[in-house]
Amino acid sequence: MNPLRAIGRPALRLTRGIGAVTLFAARGLGGLTPFPARAILAQLLQIGWLSLPVVGLTALFTGAALALQIHSGGERFQASDVVPAIVAIGMVRELGPVLGGLMVAARVASAIAAEIGTMRVTEQIDALVTLSTDPVRWLVTPRLWAAILSLPVLVAVGDIIGIMGGWLVGTTSLGFNSATYIANSWAYLEGWDVLSGLIKGAVFGLIVALSGCWFGMRSGRGAAGVGRATTSAVVAAAVGILAANFALTGLFFR
Amino acid sequence: MIEVRRLRKSFGQAAVLDGVGLRVGQGESLCVIGQSGTGKSVLLKCILGLIQPDEGVILSQGQPLDQAHFMQRFGMLFQGAALFDSLSVWQNVAFRLRQRMSDRAARAIALEKLARVGLGPETADLMPAQLSGGMAKRAGLARAIADDPAVIFFDEPTTGLDPIRARSIDSLIRGIVTETGATAVTITHDMASVRAIGDRVALLQGGRIVHDGPVAAMDQAPALAKFLG
Ligand SMILES: Nc1ncnc2c1ncn2[C@@H]1O[C@H](COP(=O)(O)OP(=O)(O)OP(=O)(O)O)[C@@H](O)[C@H]1O
Ligand SMILES: [Mg+2]
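Residues numbered from 1 in each chain as written. Chains lettered and ligands numbered in written order. Predicted model: local features only at pLDDT ≥ 70, side-chain atom pairs only at ≥ 80, totals over all residues. Heavy atoms only, no water.

## Observations regarding the overall build of chain B
Helix and strand content of chain B: eight helices and ten strands. The C-alpha atoms of chain B give 17 Å as radius of gyration, which agrees with the globular expectation for 229 residues (17 Å, within 12%). Taken along its principal axes, the extent of the C-alpha atoms in chain B is 50 × 35 × 35 Å. For chain B, long-range pairs separated by at least 24 residues make up 66% of all intrachain contacts whose partners lie at least 6 apart in sequence. Summing over all exposed atoms, chain B offers an accessible surface of approximately 9,700 Å²; the carbon and sulfur share of this is 51%. Of the side-chain charges in chain B, 25 are positive and 22 negative, and the distance between the mean point of each set is 2 Å. (Helix = DSSP H or I, 4+ residues; strand = E, 2+ residues; numbered from the N terminus. Rg over C-alpha atoms; globule rule 2.2 N^0.38 Å. Contact = heavy atoms within 4.5 Å. Areas by Shrake-Rupley, 256 points an atom, 1.4 Å probe, with all protein chains shown as cover. Lys, Arg positive; Asp, Glu negative; His and termini not counted. Charge placed at Lys NZ, Arg CZ, Asp CG, Glu CD.)

If you want it as structure tokens, here you go:
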């Protein structure tokens, strides 16, 4: 076996795959005329509003655990009063967007892939085409934009709830004064800390909806095909979020 | 009016269509029969451009068929009805109409088409998940004929219906063809349907059309003997 060929094949396939996904994303993002206001609104409800509880709970527990960890770690070098600042920065820059994104990936990427995959296997996508309707514009565009718009909001809510989680633990069991805790949370926080996290959120939103739509559209036949599409969508979204988070963190904070 | 030449399509190793040639004239009603799994649905989807054939040409009035343009003027009933889950029955039927008229006007036409397939106004606001299989099929039929298409494809319109309903769907299809001069291609397993709606009958077997002749002469065709029982 020619070693070059062994590398070349998968590399070619990967390049082709990336190209196809990029093209798909561009088509999906570009389908905004006429503006699908109602469809986007419906998806904002599905993707954004209905994700609030799960994102909020995740942030609450994460902020609380973070406060405990930083307190006990900080004690080793007499620096436990950095808890509020580090919780705030850690939540806003990193954990808010990443954990929020992952939770939405679990909830939304799977739901989108299952819905579109079912439409694929029951020939509803074919039916759209025969009714002179572009399935990408009809199904993909509203989901992509709704996810891009709602994730930053979810991240912002998660940030606030996460910081509150830290405050709750800080004031009830770590001996912090409430006013001092809040003041210290704000004191060291910079605008870019928050903004970078929101930008991450928007990118993660795109990743979640894109993988749901991509795998749904390419779903194999039958219930098993839809099941595989759903699994692939969640895995791809989660890995994509973590990889993109690394890349964006490198870009923003080096 | 529509002509298919040397159409080939394989999925993996298995050749499903292996050189299909077929022609339907303007205003003609063609029935395609064949055993389950011989590729009848695949044939329709190739003509509609939903499946890319490996080989072959599809012509409309002698020109290569421009599917996007063609779609404007035809209707399709899918084998599984393929109603949109997220839309109510009337919204499904009026799907194309709503692209160019008010909801009010589109709904009125949808109700009329639903009545033609034997579905009363009480079904209009149901969701597809609330319909029985036969009702979904008829709603799909109403959607296929909603915009008075010039060419209609029916994939097993009577499968899953009781015999009485099946005969009334047959006469509906025949009626549409004779009234509006529409061209119809119907896939069916039901020889009574073939007799009722077909001008011509074609048999798909082993990836090819092995018989193609007038319905009137179908009882004398040896190739069709086993279908006629
Ligand atoms: N998208 C696809 N991918 C892979 N194989 C397919 C696909 N569509 C159809 N086939 C295969 O092609 C063959 C023909 O399928 P088709 O649905 O056209 O049969 P049919 O003649 O319509 O049968 P029936 O009367 O049961 O509807 C089957 O073996 C089916 O498994
Ligand atoms: Mg079929």
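Past the structure itself, the notes keep going.
## A look at the coordination of the magnesium ion (ligand 2)
Ligation of the magnesium ion (ligand 2) by protein atoms is provided by S41(B) (OG) and Q79(B) (OE1), these donors lying 2.0 to 2.1 Å from the ion. One end of the pair, S41(B), is in helix α1 (residues 40-48); the other, Q79(B), is in the loop between β6 (74-77) and α3 (89-93), with 38 residues separating them in the sequence. (Donors = N, O, S within 2.8 Å, 3.2 Å for Na, K, Ca; no water.)

## Examining the interface of chain B and chain A
At the interface, 19 residues of chain B touch 13 residues of chain A. Linking K45(B) and D126(A) is a salt bridge whose minimum nitrogen-to-oxygen distance equals 3.9 Å. Counting the contacts that link chain B with chain A gives six residue pairs in polar contact (both at pLDDT 80 or more). Only α1 and β6 of chain B provide two or more residues apiece to the side of chain B that touches chain A. A class-by-class count of the residues in the side of chain B that touches chain A yields eleven nonpolar, four polar and four charged. (Salt bridge = Lys/Arg side-chain N within 4 Å of Asp/Glu carboxyl O. Polar contact = N/O pair within 3.5 Å; in protein donor to acceptor, adjacent residues only side chain to side chain. Nonpolar A, V, L, I, M, F, W, Y, C, P; charged D, E, K, R; others polar.)

## Topic: the pairing of strand β8 (residues 183-187) of chain B
Residue and element names in this part refer to chain B. For β8, a buried count of five out of five residues is recorded, marking the element as mostly surrounded by other parts of the structure. Residue alternation in β8 divides its side chains into two sets, T183, V185 and I187 and A184 and T186, and both sets are buried. Crossover connection from strand β7 (residues 151-155) via helix α6 (residues 163-180) to parallel β8: handedness right-handed. (Buried < 20%, exposed > 50% of the residue type's maximum accessible area, 1.4 Å probe, protein only. Right-handed = clockwise from strand over helix to strand, strands pointing away.)

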